[in-house]
Amino acid sequence: MDLLADGYRFISKRCQQYQTKVFETRVMLQKAVCMQGEEASRLFYEPDRFTRKGAVPPNTLKLLQDIGSVQSLDGEDHLERKRMFLAMMKPDSLQRLSDIFAEQWLMQLDKWVGKDSIIFLPEVQDILTRAVCIWADVPLTEPQAKLRRVEFASMISGAGSVGLRNWWGLFLRNQNERWAEKLISGIRETQKENPSGSPLEIIVWHRDREGKLLDVETAAVELINILRPTVAVAWYLVFVAHALHEHPECKIRLQSGDPRYLEAFVQEVRRFYPFFPFIAGRATTNFEWHDYVFKEGSLVLFDIYGTNHDPDIWKDPEAFRPERFMENEINLFSLVAQGAGDVVKGHRCPGEWIAIELMKRSAHLLTNMMMYDIPEQDLSIDFSRMPAIPKSKLIMSNIQRVAQPVAPDLSPVTLDGYAPRSDFAFPGTPPLRENMETQGVEPLAQ
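Computed from a prediction, not measured in an experiment: that's the story for all the values here.

> Explanation requested: the overall build of the protein in the structure shown.
Broken down by element type, the protein carries 17 helices and ten strands. Relative to its full complement of 446 residues, the protein shows a buried share of 58%. Pairs at least 24 residues apart make up 72% of the contacts formed inside the protein by residues separated by at least 6 positions. Working note: accessible area of the protein is about 18,900 Å², and carbon and sulfur atoms make up 52% of it.

> Got a minute to help me understand the environment of Asn308 in this structure?
Positionally, Asn308 belongs in the loop between α14 (304-307) and α15 (324-327). Exposure remark for Asn308: the relative accessible area of 3% places this residue in the buried category. Remark: the alpha-carbon pair of Asn308 and Leu335, spanning 27 residues in sequence, is separated by 5.9 Å. In terms of polar contacts, Asn308 uses its side chain to reach the backbone amide nitrogen of Val336, at 3.0 Å.

> Even after reading the chapter, I still don't get the pairing of strand β5 (residues 278-283), so can you show me in this structure?
Where strand β3 (residues 50-51) lies against β5, two bridges are found, and the strand directions are antiparallel. Bridge pairing links Thr51 to Arg282 in β5. Relative to strand β8 (residues 299-303), β5 runs antiparallel, the two sharing five bridges. The residue bridging Gly281 from the neighbouring strand is Val300, located in β8.

> I would appreciate a short explanation of the sheet that holds β3 in the present structure.
Hydrogen bonds between backbone groups are what pair the strands of a sheet, and the pairing can be parallel or antiparallel. Strand order in the open sheet formed by five strands is β1-β2-β8-β5-β3, and the pairing between neighbours is mixed. Edge positions in the open sheet fall to β1 (22-27) and β3, since each of these has one partner strand only. Seen against the sheet, helix α2 (residues 10-18) touches β1, β2 (30-35), β5 and β8 and runs at an angle of roughly 130° to β1.

> Honestly, the sheet that holds strand β10 (residues 395-401) in this entry has me stumped. Any pointers?
Spatially, β4-β10-β9 is the arrangement adopted by the three strands of the open sheet, whose pairing is antiparallel. The outermost strands of the open sheet, each flanked by one partner alone, are β4 (117-119) and β9 (370-373). Pairwise comparison of adjacent strand axes, ignoring direction, gives a mean angle of 45° for this sheet. Contacting β4 and β10, helix α7 (residues 120-136) runs over the sheet at an angle of about 70° to β4. Against the sheet, helix α16 (residues 352-369) contacts β9 and β10, and its axis sits at roughly 80° relative to β9.

> Would you mind showing me how to read the packing of helix α6 (residues 91-112) against α16 here?
Direction vectors running N to C along α6 and α16 enclose 35°, while the axes themselves pass 10 Å from each other. The two elements α6 and α16 meet at a crossing, and its hand is right-handed. Across the interface between the two elements, Leu94, Gln95, Leu97, Ser98, Asp99, Phe101, Ala102, Trp105, Leu106 and Leu109 from α6 touch Trp353, Ile354, Glu357, Leu358, Arg361, Ser362, Leu365, Leu366 and Met369 from α16. Class assignment for the residues of the contact of α6 with α16 results in 13 nonpolar, three polar and three charged.

> Just to check I follow, could you spell out the pattern of salt bridges for this structure?
When the charged atoms of two side chains lie near each other, side chains of opposite charge can form a pair. Applying the stated criterion to the full structure yields 23 salt bridges. Here Arg130 ties to Asp126 by a salt bridge, and the two come within 2.8 Å at their closest N and O atoms. One end of the pair, Arg130, and the other, Asp126, are both in helix α7, four residues apart, so they sit about a helical turn from each other. On the basis of relative accessible area, Arg130 is assigned to the buried category, the value being 15%. Note on Asp126: relative accessible area 10%, which makes it buried. As a salt-bridge pair, Arg321 and Glu327 come within 3.2 Å of each other at their nearest N and O atoms. Ionic contacts of the salt-bridge type, sharing partners, join the residues Asp2, Asp6, Lys13 and Arg14 into one network.

> Explain α2 to me, please; I cannot follow it from the model alone.
Because the α-helix completes a turn every 3.6 residues, residues three or four places apart line up on one side. Restricting attention to buried positions, one finds in α2 the residues Phe10, Ile11, Ser12, Arg14 and Cys15. Buried residues along α2 sit in contact with α1 (2-6), β1, β2, β5, β8 and α14. In the stretch just after α2, Gln19 is the one whose phi turns positive, near 55°.

> Looking at this structure, how should I read helix α5 (residues 75-86)?
Between the first and last C-alpha of α5 there are 16 Å, a value that for twelve residues agrees with the 16 Å anticipated at 1.5 Å per step. Burial runs high along α5: nine of the twelve residues are buried.

> Which parts of the structure should I look at to understand the packing of aromatic side chains?
Each aromatic ring pair is described using two quantities: the centre-to-centre distance and the angle formed by the ring planes. What the rule picks out here adds up to 23 aromatic pairs. Note on Phe44 and Tyr45: the rings are 5.4 Å apart at their centroids and 75° apart in plane angle, and the pair reads as edge-to-face. Assigned by exposure class, Phe44 and Tyr45 land together as buried. Each ring, one from Tyr236 and one from Phe275, has its centre 4.0 Å from the other, and the planes form 15°; the classification is stacked. One end of the pair, Tyr236, is in helix α11 (residues 216-246); the other, Phe275, is in the loop between α13 (259-272) and β5, and 39 residues separate them in sequence. With respect to class, Tyr236 is no different from Phe275; both count as buried. An aromatic cluster of at least three residues, connected via ring pairs, comprises Phe44, Tyr45, Phe50, Phe287, Tyr292, Phe294 and Phe302.

> How do you make sense of the environment of Lys21 when you look at a structure like this?
The residue Lys21 is located in the loop between α2 and β1 in this model. With residues near it in sequence (within four places) discarded, Lys21 still touches Cys15, Cys34, Met35, Gln36, Trp289, Asp310 and Asp312. Side-chain polar atoms of Lys21 contact the side chain of Asp312, separated by 3.1 Å.

> Where do I start with the pairing of β10 in this structure?
Regular strands show a simple pattern: their side chains alternate between the two faces of the sheet. Strand direction decides the pairing type here: β4 and β10, joined by three bridges, are antiparallel. The partner of Ile118 across the bridge, within β10, is Met396.

> Before we go on, may I ask you to explain the environment of Pro390 in this structure?
Tracing the chain through its elements places Pro390 in the loop between β9 and β10. A relative accessible area of 0% places Pro390 in the buried class. In this structure, the C-alpha to C-alpha distance between Pro390 and Leu379, residues eleven residues apart in sequence, is 4.8 Å. Apart from residues lying up to four places away in sequence, Pro390 is in contact with Val238, Phe239, His242, Asp378, Leu379, Ser380 and Ile381.

Rules behind the numbers
Residues numbered from 1 in each chain as written. Predicted model: local features only at pLDDT ≥ 70, side-chain atom pairs only at ≥ 80, totals over all residues. Heavy atoms only, no water. Helix = DSSP H or I, 4+ residues; strand = E, 2+ residues; numbered from the N terminus. Buried < 20%, exposed > 50% of the residue type's maximum accessible area, 1.4 Å probe, protein only. Contact = heavy atoms within 4.5 Å. Areas by Shrake-Rupley, 256 points an atom, 1.4 Å probe, with all protein chains shown as cover. Polar contact = N/O pair within 3.5 Å; in protein donor to acceptor, adjacent residues only side chain to side chain. Pairing = 2+ DSSP bridges. Axes fitted to C-alpha atoms, helices over the stretch in contact; angles between N-to-C directions. Left-handed = near helix turned anticlockwise from the far one by under 90°. Nonpolar A, V, L, I, M, F, W, Y, C, P; charged D, E, K, R; others polar. Salt bridge = Lys/Arg side-chain N within 4 Å of Asp/Glu carboxyl O. Expected span 1.5 Å × (residues − 1). Phe/Tyr/Trp six-rings, centres within 6.5 Å; stacked < 30°, edge-to-face > 60°.

See below:
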């Protein structure tokens, strides 16, 4: 009940109360170890230290990843499956997704002009659904686009809840899986194995370590694990708009076209706003850390939101200040919006690049391609609701298209000591392809 009440602040509130980075509690009638901070991040994302198996409640796992997905695997199986996703994350592929997203946004913008108001969250969910399906080469009719958007959004919304919202998400998840399985089976029955390089065909024709194609059910799960998380970026896009409204000085700086500030602004949105509250794992062996003895099989919750607001890492963490990313050296384990550690060897989300690029593009579109008003509404964020979102879901009115828009400068940049994506580099890491080769991982797509 305390977890449901405190939500994103459950762990950090108690870390502050007990003056510790690790404490033991009970969650859903079982003992759980909660931890927070950069040291905890390094421990939790140390390869083979924890497993995701059996750590997440089945209903949540079904909606977020599902059984047999890449995030549920460990060791060599995880590494092999991760290569499939990394093959989709080349710079030209991400640029294409960003361009498709912008095209879909501008098509919707023409429809917004003249309306009294729009609710931003479902609008960007719709844009993202269409964009990611076009990018992935997933066929989509107009009725299907609306249905897929509802399915993906309901999965995301239901994953952090109990009761009706969770059950509805599970029902739509099953429906969505049947659609994906039918799509994949149809391709395998009618086409020869000759992947075009599209995300859909990469998944359809991916082979495991034994040289076998993924079974249809698993392939469907992994296809959904590209589409659904991209639609989840809608929550981040709402936070981008929320930050622009709350901090109009940021909008003025973004209009100057400085790509370094754009990158810093997006990273600060990812740090400041609530996305994932925490992540669960189970210890794979006995060990001691900070005078606490972890037993094999122990349930461990690593505090993502709290680590992104840890005063031991961030100066004045409750202040929204993008400049911090242009001043300080950030490493792989301090900003943990979508995981920590090495993306190739560990469980860091490869879709982080997608989120960053789409957030950068949306910030440009909001500041340089359109004008709008934010009318009186409840923009407060309920931190007990997961995933969190402003209560009004952000209403816009009096929307107009800018007659002479500013061309975007979205080229990757390297902030001082921090390269979130420079030729595919995470902060503190060499470029992705070099990293993969030094780890003995052969990239799938050249």
